[in-house]
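# Breakdown of the fold
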Amino acid sequence: MTAVAMHPPLPSRLAGLRSAADYLGTIVRHLAGNASSLFGLVVISVLIVLAVFAPLIATQDPYLQNLQDVLQPPSWAHFFGTDEVGRDVFSRIVYGSRITLTIIALVAVIVGPIGLAVGTLAGYFGGWFDTVLMRITDIFLSFPSLILSLAFVAALGAGLENAIVAIALTSWPPIARLARAETLTLRGTDYVAAAKLQGASSARIIWKQIVPMCMPSVLVRLTLSMATVILTAAGLGFLGLGAQPPLPEWGAMIAIGRRYMLESWWLVAFPGGAILAVSLAFNLIGDGLRDALDPKQRRGRH
Amino acid sequence: MRLTSAGLLAFARQAGTILVTLLGLLVLTFAIGRLMPVDPVRAIVGEEADPATYQQVYEELGMDRPVYVQFARYLGDTLRGDFGTSLRTGQPVAEDIAAVMPATIELATFAILLGAGLGIPLGVWAAVRKNQPTDHVVRVVTLLGHSMPIFWTGMIGLIVFYAWLGWVGGGGRVSDFYDGMVDPVTGFLLIDSAIAGDWDVFWDALNHLILPASILGLASLAYITRMTRSFMLDQLNQEYITTARVKGLSFGRTIWGHAFANIRVQLVTIVALAYGGLLEGAVLIETVFSWPGFGQYMTNNMLTGDMNAVMTCVLLVGVIFIALNLLSDLLYKVFDPRTR
């Protein structure tokens, strides 16, 4: 019983490679060689540059109100126009990149370990323990991510931190599934048997032998889910359950711009364009990753 | 299908799995309800109530009992079809949901008709023209559709087609002028107005439906096109296709009569899942278009912390998805002889 899956399962042909760093280097080189995934990499790099150098790039303070200059259309003074209290939309989008990057990073940091822990433990120990963990995973998988995140935010209260927690709570099941599948194949390998014969404890085997081997595919799967994470976060912000104004979160900016959108299209168009660019970038990188991992199907499926 | 003991065992296992999943779902919604930062007693008795009344309602709701007793009570109520009263509307939640559901089904049905009606041919076309310009264009379009924040697309649609071009109606299901002119029989406005023979309302409603449905359909179009293309490529790579062509079968007959015929079952399951997936988009699109459906009902309840309504909405979505997944499993078993 699986939810709607855009991505076919990733093959685990990673086992032979020496280290995660080595492996990721190979992947990045492959991505850079493909025009559309290169575009994705460029967009993500721009996002990182915007976030790091926001004070230098932004033309104004993102919170500075100027009631003489409200709802101005785009011009040389305000590249993306001004909002209902005269704040510069361009500067707000630049600062908003910090929020987007924070969401991506935090969700990845929370989801990776949870998914790895659930997946490797279930796969390694098997039996009823595996059954229970996978049932729980299935329940989470049976929801569309936005609706489950909405429910968690309703339970935890609106706000950026809770939105991040809610998104993380809904994003771990695919990682757990993947880590479990990898563990099931790794469990039977000779080197794990050798470690067992040497008297290594289960905890040590999982931590030292299995987790490192799962890392590369988990990292790749995390990248693939980032497009969904960004769209969900923006959706929560738009519905008023995520980041709260006056934070320059792109979804929340659109929610406020909605009231003025029929006359002042720029309040909605630019933040949405930014969301589209980042989620498209992750999807393009995801496509490239699949090609890199599965040369047999290169330019074939999907 | 012959019934064998192995078959019965498999059926029992399947049924057990579903029951456990449903129970887990109820635990989840119960937990969400208990975690919500609202005091259900205060919500009923109001801010001004004296402590005695408060205590009475507190006990009536069973809040003084242990958590597992409260869960058992929730389980019993749910099984009897009692989902409690919405604090916001004062109506039973089940009645509320029944009232808003037709609007969403109307929207989602139009969206899936567009999504599948365009997506399947596009996917077949892209597969046939693999790695040619057509394929690349289709790939870009589907990737864009898959990456767009749907609420944003909805607003851009309103700005362009409503405010600038004036081609379609704005928010809501009908213009204010026509609101409430047709008696709700089925709840589906298009059907109701057609029954009443009120064609002005019918065209106005259609005019309001077309934009949100198209934008909702775009999301499922991306998914359906990608999957169709992938299924078709699997078939086209097989030898029976070459054989059919060598035997002199026309190109069109080979594609539609042979390759496409073999992916129909897969497509039905994909479309069923995509139809359920529209619920997610509907939450956002209904907010953008002030569409009085299930998505908006759920969002409003979450914003106001209406506990019973939130729990029931989440439960309903979970049940719909479990049912759809089950349905697609079943379809495979019934129509694909290899899985028997």
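Residues numbered from 1 in each chain as written. Chains lettered and ligands numbered in written order. Predicted model: local features only at pLDDT ≥ 70, side-chain atom pairs only at ≥ 80, totals over all residues.

## Some points on the environment of Leu41(A)
Residues and elements named next belong to chain A. Worth spelling out the cut-off: Helix and strand assignments come from DSSP, with helices taken as H or I runs of at least 4 residues and strands as E runs of at least 2, each series counted from the N terminus. In this scheme the burial state of a residue depends on its C-beta neighbours within 10 Å: 20 or more other such atoms mean buried, 12 or fewer mean exposed, and anything in between means partly exposed; the C-beta positions come from the backbone. We call two residues in contact if the C-beta atoms placed from their backbones are at most 7 Å apart.
Mapping Leu-41 onto the fold places it in helix 2 (residues 35–52). You can call Leu-41 partly exposed: it has 17 C-beta atoms within 10 Å. The spatial distance from the C-alpha of Leu-41 to the C-alpha of Pro-246 is 30 Å, given a sequence separation of 205 residues. With near-sequence residues (within four places) excluded, Leu-41 lies in contact with Leu-31, Ala-32 and Ile-285.

## Description of the confidence of the model for chain A
Detail in the predicted coordinates should be disregarded across regions flagged by low pLDDT. Residue and element names in this part refer to chain A. Put simply, the rule is: Confidence of the predictor at the level of single residues is given by pLDDT, which spans 0 to 100.
Taken as a whole, chain A shows an average pLDDT of 85; of its residues, 90% reach a score of 70 or greater. When mean pLDDT is compared element by element in chain A, helix 4 (residues 89–125) scores highest at 94, while helix 1 (residues 20–32) scores lowest at 74. Under a pLDDT of 50 for its full length, residues 1–17 has, in the predicted model, 32 contacts with residues more than four places off or in other chains. Across residues 297–302, confidence stays below pLDDT 50; counting only partners more than four residues off in sequence or on other chains, it has 11 contacts.

## Re the environment of Val229(A)
Residue and element names in this part refer to chain A. Inspection of the secondary structure assignment puts Val-229 in helix 9 (residues 202–239). Classification of Val-229 as buried rests on a count of 26 C-beta atoms within 10 Å. With 122 residues separating them along the chain, Val-229 and Val-107 place their C-alpha atoms 8.0 Å apart. Those residues in contact with Val-229, other than ones at most four positions away along the chain, are Ile-103, Ile-104, Val-107, Ile-167 and Ser-171.

## Details of helix 7 (residues 150–164) of chain B
Here is the rule we go by: Given a helix with a known number of residues, its expected span is that number minus one, times 1.5 Å.
Relative to the 21 Å expected for 15 residues at 1.5 Å per residue, helix 7 of chain B spans 20 Å between its end C-alpha atoms, a close match to the ideal helical length. In the core, the buried residues of helix 7 of chain B are packed alongside helix 9, helix 10 (250–257) and helix 11 (266–293) of chain A together with helix 9 (199–236) and helix 11 (251–288) of chain B. Among the residues trailing helix 7 of chain B, Gly166(B) stands out with phi positive, at a value near 65°.

## Digging into the interface of chain B and chain A
Test applied: Side-chain classes follow a simple rule in which Ala, Val, Leu, Ile, Met, Phe, Trp, Tyr, Cys and Pro form the nonpolar group, Asp, Glu, Lys and Arg form the charged group, and the remainder, Gly included, forms the polar group.
Taken residue by residue, the interface counts 45 residues in chain B and 46 residues in chain A. Elements with a minimum of two residues in the side of chain B that touches chain A: helix 1 (5–35), helix 6 (133–147), helix 7, helix 9, helix 11, helix 12 (294–304) and helix 13 (307–335) of chain B. It is helix 11 of chain B that contributes the most residues to the side of chain B that touches chain A, eight residues altogether. Residue classes in the side of chain B that touches chain A are distributed as 31 nonpolar, 12 polar and two charged.

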